Amino acid sequence: GFEGTKLPIPLIGALTKGEIGGVILFSRNFESREQIQTFTRQIHQIQAPYPIWIGVDQEGGKVQRIGENLGSDRIPAALELAQTTPEHAAQIASNTARDIKNLGFDINFAPVLDIHTNPNNPIIATRAFGTTPEQVIQYAIPTMQAQMDEGIIPCGKHFPGHGDTSTDSHTDFAYGRGIAFCAGLLGNEF
């Protein structure tokens, strides 16, 4: 990620040399649909050792980088979708994927695959499909498949166990049972 609506020269150099393989764009990088399409086309045209991937967080709810103000449909939060059917959630994911593909994106950092087990969690909350693994997987698989069917690579996110924490991992260390267990497997002690 970066600030503004133009790629910084060091970032262009890193892409050209193959030091990095892609970028993620945020709301701060967008002015209009036309600007997004032109921008992603310019990024894809950079001569690099391999194709450059462009990602976006377009999961829905409070995390929708390309909003209605830029002509995208409102995407319901995962928990809202989980009140419908997996087929309905897949249709929403398909529509979203078509939209971002048309804008020039390759990867959508969605859906959230964590489980919302702590009501005091400030990050996962409505971004999860449910409070059990079974609920989450029931909606996550069709959502991811729908994105792939439209040519978008889905990237499930949030470290397992984050839904059990009460900390914002963007600003502090998030400690929970799943996170401690996984970190323990990696040889880290807390």
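Up top is the structure.
Presented here is a report on the structure given in the accompanying data block.

Criteria and cut-off values
- Residues numbered from 1 in each chain as written.
- Predicted model: local features only at pLDDT ≥ 70, side-chain atom pairs only at ≥ 80, totals over all residues.
- Heavy atoms only, no water.
- Helix = DSSP H or I, 4+ residues; strand = E, 2+ residues; numbered from the N terminus.
- Buried < 20%, exposed > 50% of the residue type's maximum accessible area, 1.4 Å probe, protein only.
- Contact = heavy atoms within 4.5 Å.
- Areas by Shrake-Rupley, 256 points an atom, 1.4 Å probe, with all protein chains shown as cover.
- Polar contact = N/O pair within 3.5 Å; in protein donor to acceptor, adjacent residues only side chain to side chain.
- Pairing = 2+ DSSP bridges.
- Right-handed = clockwise from strand over helix to strand, strands pointing away.

Let us look at the overall build of the protein. Each helix and strand in the protein was counted, giving six helices and six strands. Counting only residues that meet the buried cut, the protein has 47% of its 190 residues in that class. Sequence separation of 24 or more characterises 66% of the internal contacts of the protein that already satisfy a separation of 6 or more. For the protein, the exposed surface amounts to about 9900 Å²; the carbon and sulfur share of it is 55%.

So, about the side chain of Thr143. Relative to the elements of secondary structure, Thr143 occurs in helix H5 (residues 133-149). Looking at Thr143, its side chain comes within polar contact range of the main-chain oxygen of Tyr139, at 2.7 Å. Not counting the four nearest positions on each side in its chain, Thr143 is found in contact with Ala89, Ala93, Pro111 and Phe129.

In the sheet, strand S1 (residues 22-25) pairs with strand S2 (residues 53-56) via four bridges, with the strands oriented parallel. The partner of Val23 across the bridge, within S2, is Ile54. Traced from S1 through helix H2 (residues 33-44) to S2, the parallel crossover comes out right-handed.

This next bit is on the environment of Ile92. With respect to the element layout, Ile92 can be found in helix H4 (residues 86-102). Overall, Ile92 belongs to the buried group, its relative accessible area being 17%. Taking C-alpha positions, Ile92 is 8.7 Å from Ala146, a pair spaced 54 residues apart along the chain. The contact partners of Ile92, leaving out residues within four places of it in the chain, are Ile75, Pro76 and Leu81.

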